[in-house]
Amino acid sequence: MSEKSRIRWMCRRGMKELDVLLERFMVADYDDLDAREHAALVELVEMEDPDLYMLVMGRAEPAHDLQADLLSRIRQFQRPQGVAR
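Residues numbered from 1 in each chain as written. Predicted model: local features only at pLDDT ≥ 70, side-chain atom pairs only at ≥ 80, totals over all residues. Heavy atoms only, no water.

Caption draft 1: Representation of the packing of helix 3 (residues 35-45) against helix 5 (residues 65-75) within the structure. Running from N to C, helix 3 and helix 5 cross one another at 75 degrees; their axes reach a closest spacing of 9 Å. Put simply, helix 3 runs roughly perpendicular to helix 5. Along its contact with helix 3, which presents Arg36, Glu37, Ala40, Leu41, Glu43 and Leu44, the element helix 5 presents Leu66, Gln67, Leu70, Leu71, Arg73 and Ile74. (Axes fitted to C-alpha atoms, helices over the stretch in contact; angles between N-to-C directions. Helix = DSSP H or I, 4+ residues; strand = E, 2+ residues; numbered from the N terminus. Parallel < 35°, antiparallel > 145°, perpendicular 65-115°, else oblique. Contact = heavy atoms within 4.5 Å.)

In structure tokens:
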């Protein structure tokens, strides 16, 4: 199994909200990540759903700046493209 496939599998969550956000992020941005960002993404998807959800929703502080940057990028996928905020 490729690294991308493994991470994509890890993005399948028990919470539909996380499934949707992470899948959109994987499709749009995964291939543009560097090695450090890949490692930070793995750290995030290895978290338990409630902890990751709190981070994604901005209700908890990320462990480091790289996680914060990734979370900011992931949050961009909260609404489908073309939907006004």
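Caption draft 2: Representation of the packing of aromatic side chains. In this structure the tally under the stated criterion is one aromatic pair. When the centroid spacing of 6.3 Å and the interplanar angle of 75 degrees are considered together, the rings of phenylalanine 25 and phenylalanine 77 count as edge-to-face. Here phenylalanine 25, found in helix 2 (residues 16-29), pairs with phenylalanine 77, found in the segment after helix 5; they are 52 residues apart in sequence, far enough to count as distant. No difference in accessibility class separates phenylalanine 25 from phenylalanine 77, as the two residues are buried. (Phe/Tyr/Trp six-rings, centres within 6.5 Å; stacked < 30°, edge-to-face > 60°. Buried < 20%, exposed > 50% of the residue type's maximum accessible area, 1.4 Å probe, protein only.)

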